[in-house]
Amino acid sequence: SDLQLARQLDITVEGPLEPGNPKVVGLVGSLAEPMTARDFARRVQEALGREPLLIEGSEMIRRVGWCTGGGQGYIDRAVLAGVDLYLSGEASEQTFHSARENDISFIAAGHHATERYGAPAVAAHVARECGLEHRFIDIDNPA
């Protein structure tokens, strides 16, 4: 799901959220051109079809860390990775405070919305490898 979200948001993947640990969930990447957090939030809204929650930091967005679904707890790893913005599917009170205290932007874009590109990608891969057909039924979920 993390790679698929990067494609949707035009983020160039640089590596895992925790440098040197390819088994950790979450990724870090960069934007082709720096932009404001509000402009990036608009990109997220256009790509995912829902308005995200934005906690706005003071920096332009160049480096992004993200973990789809319920990955809000990885924000401190994102801070250590030196990102300007961290994106996940969900938010918690701790996430808000970590973003504010570390002056980074944070976006919660919906658990379902951030993960719904992963399942069809896996299904397409399995279908190609095994000569199967697949159909993804996207049932909207506001969470």
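A few points on the structure. Not measured: the values here are computed from a predicted model.

## So, the sheet that holds strand β6 (residues 105–108)
Next, step 1: The mixed open sheet is built from 6 strands, whose spatial order is β1-β2-β4-β5-β6-β3. Lying at the two open borders of the sheet, with one neighbouring strand each, are β1 (12–16) and β3 (53–55). Pairs of neighbouring strands in the sheet enclose a mean axial angle of 25°, with direction left out of account.
Next, step 2: Sheet topology places strand β2 (residues 27–35) next to strand β4 (residues 61–67); 5 bridges connect them, and they run antiparallel. Its bridge partner being in β4, Gly 29 is matched across the sheet by Val 64.

## A word on helix α4 (residues 93–102)
Next, step 1: Listing the buried residues of α4 in full gives Thr 95, Ser 98 and Ala 99. Down the axis of α4, the sector holding all buried residues measures 95°, keeping them to one side. Away from the buried face of α4 by more than 90 degrees, exposed residues Glu 93 and Glu 101 are located.
Next, step 2: Against β3, α3 (75–80) and β6 lie the buried residues of α4.
Next, step 3: After α4 finishes, the residue Asp 103 shows a positive phi value of roughly 50°.

## What about the packing of helix α1 (residues 2–9) against helix α2 (residues 37–48)?
Geometrically, a packed helix pair is captured by the angle between its two axes and the distance between the axes.
Next, step 1: Packing of α1 against α2 leaves a shortest axis separation of 9 Å and a crossing angle of 110°. Between α1 and α2, the interaxial angle falls into the category roughly perpendicular. The segment α1 lies against α2, with Leu 5, Gln 8 and Leu 9 engaging Phe 40, Arg 43, Val 44, Ala 47 and Leu 48.
Next, step 2: Classifying every residue of the contact of α1 with α2 by side-chain character gives 6 nonpolar, 1 polar and 1 charged.

## Topic: the environment of Pro 19
Next, step 1: Within the element layout of this structure, Pro 19 appears in the loop between β1 and β2.
Next, step 2: The class of Pro 19 is exposed, set by a relative accessible area of 64%.
Next, step 3: Spatially, the C-alpha atom of Pro 19 lies 9.5 Å from that of Arg 77, the residues being 58 residues apart in sequence.

## What about the pattern of salt bridges?
A side chain with one charge may pair with a side chain of the opposite charge, provided their charged atoms come close.
Next, step 1: Counted by the stated rule, this structure contains 4 salt bridges.
Next, step 2: Arg 38 is the salt-bridge partner of Glu 56, the closest N and O atoms lying 2.8 Å from each other. One end of the pair, Glu 56, is in the loop between β3 and β4; the other, Arg 38, is in helix α2, and 18 residues separate them in sequence.
Next, step 3: For the salt bridge of Arg 42 with Asp 39, the shortest nitrogen-to-oxygen distance reads 2.3 Å. Remark: Asp 39 and Arg 42 occur in helix α2; sequence separation between them is 3 residues, near one turn of the helix.

Conventions we followed
Residues numbered from 1 in each chain as written. Predicted model: local features only at pLDDT ≥ 70, side-chain atom pairs only at ≥ 80, totals over all residues. Heavy atoms only, no water. Pairing = 2+ DSSP bridges. Helix = DSSP H or I, 4+ residues; strand = E, 2+ residues; numbered from the N terminus. Axes fitted to C-alpha atoms, helices over the stretch in contact; angles between N-to-C directions. Buried < 20%, exposed > 50% of the residue type's maximum accessible area, 1.4 Å probe, protein only. Arc of directions from axis to C-beta. Contact = heavy atoms within 4.5 Å. Parallel < 35°, antiparallel > 145°, perpendicular 65-115°, else oblique. Nonpolar A, V, L, I, M, F, W, Y, C, P; charged D, E, K, R; others polar. Salt bridge = Lys/Arg side-chain N within 4 Å of Asp/Glu carboxyl O.

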